Amino acid sequence: MEAVDANRISRGSYIVRCIGCGATAGDLAPDFRCKRCGELLEVNFPGWSGDDDFHADRLKAIWRERRTSNQTLDSSGVWRFREVLPELDDWSSAITMREGNTPVYDLPRCARAAGVDHLRAKHQGMNPTGSFKDTGMTVAISFARQNNFHWVACASTGNTSASMAAYAARGAMRSLVIIPEGKIAWGKLSQSLDYGALTCQLRTDFDGCVRVLNDIIRRHPIYLLNSVNPYRLEGQKTAAIELLEQLDWRVPDHVVVPGGNLGNNSALGKAFLEMKRLGFVDSVPKISVIQAEGANPLYRTVHEKAGRELVPVEAETLATAIRIGNPASWQKSLAVLQATNGCVEQVSEAEIAVAKTEIGADGIGCEPASAVTLAGLKKLVRTGFISKSESVVLILTGHVLKDPEYTINFHRGELSVPRMADSEFQSLTKLQQRAPVVLDASADAVLGALQAHEKAERHG
Ligand code: F0G
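Residue positions are given per chain, counting from 1 as you read along its sequence in written order. pLDDT decides what is reported in this predicted model: residues at 70 or higher carry local features, side-chain atom pairs at 80 or more are listed and counted, and totals for whole chains, interfaces and linings draw on all residues regardless. The basis for the side-chain values is all heavy atoms of the structure; hydrogens and waters are excluded.

What follows is about the overall build of the protein chain. Numbering goes from the N terminus for both helices and strands, where a helix is a DSSP run of H or I of at least four residues and a strand is a run of E of at least two. Each helix and strand counted, the protein chain has 15 helices and 13 strands in total. Here the globule rule is a power law, 2.2 Å times the number of residues to the power 0.38, and the radius of gyration is based on C-alpha atoms. Relative to the globule expectation of 23 Å for 460 residues, the C-alpha radius of gyration of the protein chain, 22 Å, shows essentially globular dimensions. Split into buried and exposed, the 460 residues of the protein chain put 57% on the buried side. Two residues qualify as a contact provided that any one of their heavy atoms is within 4.5 Å of a heavy atom in the partner residue. Residue pairs in contact within the protein chain that sit at least 24 positions apart in sequence constitute 70% of those at least 6 positions apart. A total accessible area of about 19,200 Å² is found for the protein chain, and carbon and sulfur atoms account for 48% of it. Charge-centre separation for the protein chain: the mean point of 52 positive side chains lies 2 Å from the mean point of 53 negative side chains. A simple rule labels every residue: compare its accessible area, found with a 1.4 Å probe on the protein chains alone, to the largest value its type can have, and call it buried under 20%, exposed over 50%, or partly exposed in between. Computed by Shrake-Rupley with a 1.4 Å probe, the accessible areas treat only the displayed protein chains as cover when residues are assessed. We count Lys and Arg on the positive side and Asp and Glu on the negative side, and we leave His and both chain ends out. Charged side chains are reduced to one point each, which is NZ for Lys, CZ for Arg, CG for Asp and CD for Glu.

Listed below in structure tokens is the structure:
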């Protein structure tokens, strides 16, 4: 096995290319859109081939070996795969918190609930700031610093901002967070405050925040860290590579991903397709995107317009992370659905809440936006898109502690969901609610509660 040399320059030289007109971008515009046609950009590696440098067996061995290395870059679950990432001028300048390296769990109870033989989840909420955003952030913010930016900024539903604020602090940079007032889970808001971001809560929704930020970056030198930034998606794609590695390069039949701004499924799809192109695997999983019914622009785009044009919506869901009506990466996402033969599904607030408790009951837990994956899987099994014996991996995107208010209100029966009568929601979810029991401070009282619980379980 050859020694790992962090500064070895691979032949993975990249270009940044427009997904619309195909033009190669030189200097990137502050909004990361094509200067010619306004579409999004993506990173491309024209020099890749299956030759020695990119030989699948060789890279698999190098990446595996790095898992036992204590070097900073190797112990990141993102930079460990640097041969297939855009190259920094100096690898050692990467701003990293050893992100990635997230576990794959079996979910036996959830498998039964969904009606599949076997179900696994890759828990991206186990990243340093508690969401999948860290994998993209480490790459994009490292490029921000390489380009001598002092300020970075994002519009966010909470997780991107938490991640950006942390990485900016690690890199001694300043960060500007633009979030919709009152629509951010407390865990996420508290993170950006502690990490020292300038946090602006605007009286609008996420889509309004994006509009304001686009104006700001035209008027001030600030590096944009939303997922329109193609370097973000390069980092996020490593979760798919890591997943394949964890499955010993056996490709699952299906990967199910929540959809908000639609960057993540685009990134994962890009990675699976690249791994196939490089000969690491000979097929790709079907990638399916799940949206909340109240924030379903991709679902509507596919079902009402056959994918020809985006159907923006006024987004409303308690899964605040995906409360997005005008997703930036819808075209990238559609391309991934088509290339992998995946599909898009929508789920109700009650289905999300029930699925969240089921993931919790497997001892894993996640935030509401991640639970759409299990809720969506159940539907896809019912419609026959996924069959019982197929292998499925859910991508859980955020940690259960991101949004404790949702969880507590749910179990207390106090969650009020948009566009549904409280009584209807309660009757659909009552069985999953486990409110805390308030008792006198005596062993008898607690043992009485325990016995009542056992009895209810026997009869339930
Ligand atoms: N799950 C969680 C927990 C998220 O925070 C997000 C997006 C998504 C899923 C959807 O991913 O946007 O790539 O389709 N959160 C963004 C944010 C928008 O600002 O934190 P996507």
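Okay, helix 12 (residues 368–382) next. An α-helix turns once per 3.6 residues; consequently, residues spaced three or four apart project the same way. In this analysis, the expected span of each helix is defined as 1.5 Å times one less than the number of residues it contains. Compared with the 21 Å implied by 1.5 Å per residue over 15 residues, the 22 Å span of helix 12 between its first and last C-alpha is a close match. In terms of residue burial, helix 12 counts as a mostly covered element, since 14 of its 15 residues are buried.

Consider each residue's heavy atoms; a residue with any of them within 4 Å of a molecule or strand counts as near. The environment of the ligand is made up of 21 residues, and the closest members are S156, N261, L262, N264 and T397. Here a polar contact is recorded for every N or O atom pair within 3.5 Å, except that within protein the pair must consist of a potential hydrogen donor and a potential acceptor, and residues adjacent in sequence are included only if both atoms are side-chain atoms. Contact distances for the ligand include 2.8 Å between an oxygen atom and a side-chain N or O atom of N159. G263 is positioned with one of its backbone polar atoms (N or O) 3.2 Å from an oxygen atom of the ligand. Within the residue set of the shell around the ligand, elements represented by two or more residues are helix 4 (159–170) and helix 8 (263–277). Gly falls in the polar group here, along with every residue not listed as nonpolar (Ala, Val, Leu, Ile, Met, Phe, Trp, Tyr, Cys, Pro) or charged (Asp, Glu, Lys, Arg). Residues of the shell around the ligand, tallied by class, amount to 7 nonpolar, 12 polar and 2 charged.

Mapping A371 onto the fold places it in helix 12. Here A371 falls in the buried class, since its relative accessible area comes to 0%. Setting aside chain neighbours within four positions, we find A371 in contact with I352, A355, K356, I359 and C366.

Here we take up the sheet that holds strand 4 (residues 104–106). One open sheet accounts for 6 strands, arranged 4-5-13-10-11-12; its pairing is mixed. The sheet is open, and its two edges are formed by strand 4 and strand 12 (344–347), each paired on a single side. Here the strands of the sheet are splayed against their neighbours by 25 degrees on average, with no regard to which way each runs. DSSP-based pairing: two strands are paired if at least 2 bridges between them are found. The sheet contact formed by strand 11 (residues 286–292) and strand 12 spans 4 bridges and is parallel. Residue pairing in the sheet places A292 in a bridge with V347 of strand 12. Here, axes are lines fitted to C-alpha atoms. For helices the fit covers the stretch in contact, and angles between N-to-C directions go from 0 to 180 degrees. Of the strands in this sheet, strand 11 and strand 12 are in contact with helix 10 (residues 330–340), which crosses strand 11 at around 140 degrees. Sheet strands touched by helix 11 (residues 349–361): strand 11, strand 12 and strand 13 (392–396). Its angle to strand 12, the strand with the most contacts, is close to 90 degrees.

This part takes up the environment of K133. Mapped onto the elements, K133 comes out in helix 3 (residues 133–146). Among the residues examined, K133 registers a relative accessible area of 15% and is labelled buried. Remark: the alpha-carbon pair of K133 and V16, spanning 117 residues in sequence, is separated by 21 Å. Contact partners of K133, with chain neighbours within four places excluded, come to N159, T160, S163 and R232. Looking at K133, its side chain comes within polar contact range of the side chain of T160, at 3.4 Å.

Taken as a whole, helix 10 has its buried residues at W330, K332, S333, L334, V336, L337 and T340. Against the buried residues of helix 10 lie strand 3 (41–44), helix 7 (230–246), helix 8, strand 11, helix 9 (297–305) and strand 12. One or two steps after helix 10, the chain reaches N341, where phi turns positive at roughly 60 degrees.

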